[in-house]
Amino acid sequence: MTQDEMKQAVARAALDYIKGGLKPESIVGVGTGSTANFFIDELAGIKHLFEAAVASSEATAERLRGHGIPVYDLNAVTGLDTYVDGADEFDAELNLIKGGGGALTREKIVAAAAKEFVCIVDASKQVSCLGAFPLPVEVIPMARSLVARELVRMGGQPELREGFVTDNGNLILDVYNLKIRDPKAFETELNNLVGVVTNGLFARRAANVVLMGTTTGVETIKAP
């Protein structure tokens, strides 16, 4: 099974996982990235079962609308039943690194509004310790150098994501050379840096369940 076939399999598994709980008034949060795109394509087949979606990026909103799925602003709803999104890494506690696609801030906001966070990944994203994937940190442009110096002091090796601006008008520093042994504490420490909007650690709001595509099928991993 190829990586794309695994992504397709977990997208279908996510659809099966959520559709039993959908009601006509349900609002579904939808993430950003290649695996989330497969999920959006599957979601189109059951768009009659729920009211609308909330998107974590402009690209996701465009893809949802292209399938005829209404997209609401998060401010227009009181909460989400579920949020489905991919990840760049996950560990045994279902802590995640996200933001490879640059939508980490909006993804974190939508995840925080959801009752359940369903993470869909292929097996290559499973790690014993977060940090092999460079950790994205979204920063206010004028604070780029200030934050970068602090990240070096904390043991990281930050690199500006060249030619990229987030949907919020900010920059991203991708931080290499990290071994994140206490994701919750490190997430808070990074967010306390002046000039940081947020970072790509999803530990304080980790996934509730991970659906992982493998060469032999989809494995369901629940939070411990």
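Residues numbered from 1 in each chain as written. Predicted model: local features only at pLDDT ≥ 70, side-chain atom pairs only at ≥ 80, totals over all residues. Heavy atoms only, no water.

Participant: So what's going on with the pairing of strand 2 (residues 52-55)? Which residues, and what values?
Facilitator: Residues in a regular strand project their side chains so that they alternate between the two faces of the sheet. Of the two faces of strand 2, the one lined by Ala-52 and Val-54 and the one lined by Ala-53 and Ala-55 are each fully buried. Relative to strand 2, strand 1 (residues 27-30) runs parallel, the two sharing four bridges. Of the residues in strand 2, the one forming a bridge with Val-30 is Ala-55. On the question of chirality, the crossover connecting strand 1 to the parallel strand 2 by way of helix 2 (residues 34-43) is right-handed. (Buried < 20%, exposed > 50% of the residue type's maximum accessible area, 1.4 Å probe, protein only. Helix = DSSP H or I, 4+ residues; strand = E, 2+ residues; numbered from the N terminus. Pairing = 2+ DSSP bridges. Right-handed = clockwise from strand over helix to strand, strands pointing away.)

Participant: I'd love a proper account of the packing of aromatic side chains, names of residues and values included.
Facilitator: Per the stated rule, a full pass over the model turns up two aromatic pairs. Seen in terms of ring centroids, Tyr-83 and Phe-117 are 5.1 Å apart; in terms of plane orientation they differ by 45 degrees. Their pairing is tilted. Of the two residues, Tyr-83 is situated in strand 3 (residues 80-85) and Phe-117 in strand 6 (residues 114-122); the sequence distance between them amounts to 34 residues. No difference in accessibility class separates Tyr-83 from Phe-117, as the two residues are buried. In this structure an aromatic cluster arises from ring pairing among Tyr-83, Phe-117 and Phe-202. (Phe/Tyr/Trp six-rings, centres within 6.5 Å; stacked < 30°, edge-to-face > 60°.)

Participant: Please set out the sheet that holds strand 8 (residues 157-160) residue by residue, giving values where relevant.
Facilitator: Across the sheet, which stays open at both edges, the four strands sit in the order 8-9-7-10 with antiparallel pairing between neighbours. Whereas interior strands pair on both sides, the edge strands pair on one side only; in this sheet they are strand 8 and strand 10 (196-199). Here the average twist between neighbouring strands, direction ignored, is 30 degrees. In this structure, strand 7 (residues 135-139) lies alongside strand 10, joined through three bridges in antiparallel fashion. Note on strand 10: the bridge partner recorded for Val-139 is Val-196. Relative to strand 10, helix 4 (residues 104-113) is tilted by about 65 degrees, and along the sheet it contacts strand 7, strand 9 (171-176) and strand 10. On top of the sheet, helix 5 (residues 144-153) reaches strand 7, strand 8, strand 9 and strand 10; it is set at about 15 degrees to strand 9, its chief contact. (Axes fitted to C-alpha atoms, helices over the stretch in contact; angles between N-to-C directions. Contact = heavy atoms within 4.5 Å.)

Participant: Give me the lowdown on the state of the cysteines, citing residues and values where you can.
Facilitator: Counted under the stated rule, the structure contains zero disulfides. Here Cys-119 is not disulfide-linked; the sulfur of Cys-129 is the nearest cysteine sulfur, at 17 Å. We classify Cys-129 as partly exposed; its relative accessible area is 22%. (Disulfide = S-S within 2.5 Å.)

Participant: A description of unusual backbone geometry should follow, citing residues and the corresponding values.
Facilitator: The backbone of Leu-94 sits at a positive phi, close to 65 degrees, despite the residue not being glycine. Residue placement: Leu-94 occurs in the loop between strand 4 (89-90) and strand 5 (96-97). The phi dihedral of Asn-177 is positive, around 70 degrees, even though this residue is not glycine. Counting through the fold element by element, Asn-177 comes out in the loop between strand 9 and helix 6 (183-191). A relative accessible area of 57% places Asn-177 in the exposed class.

Participant: Account for the nonpolar core, with residues named and values stated.
Facilitator: Counting residues in hydrophobic clusters, the biggest one holds 27 residues, and the most contacted among them are Ile-18, Val-30, Phe-39, Leu-43, Leu-64 and Ile-120. The set of elements that each furnish at least two residues to this core consists of helix 1 (3-19), strand 1, helix 2, strand 2, helix 3 (58-66), strand 6 and strand 12 (209-214). A total of six residues in this core trace back to one element, the largest contributor, which is helix 1. Those residues in contact with Ile-18 that sit more than four places away from it in its chain are Val-28, Phe-39, Leu-43, Thr-82, Val-84 and Val-118. Counting residues in hydrophobic clusters, the runner-up holds 21 residues, among them Ile-27, Val-54, Ala-111 and Phe-202. (Core = buried A, V, L, I, M, F, W, Y, C linked by side-chain atoms within 4.5 Å.)

By themselves these figures say nothing about function.
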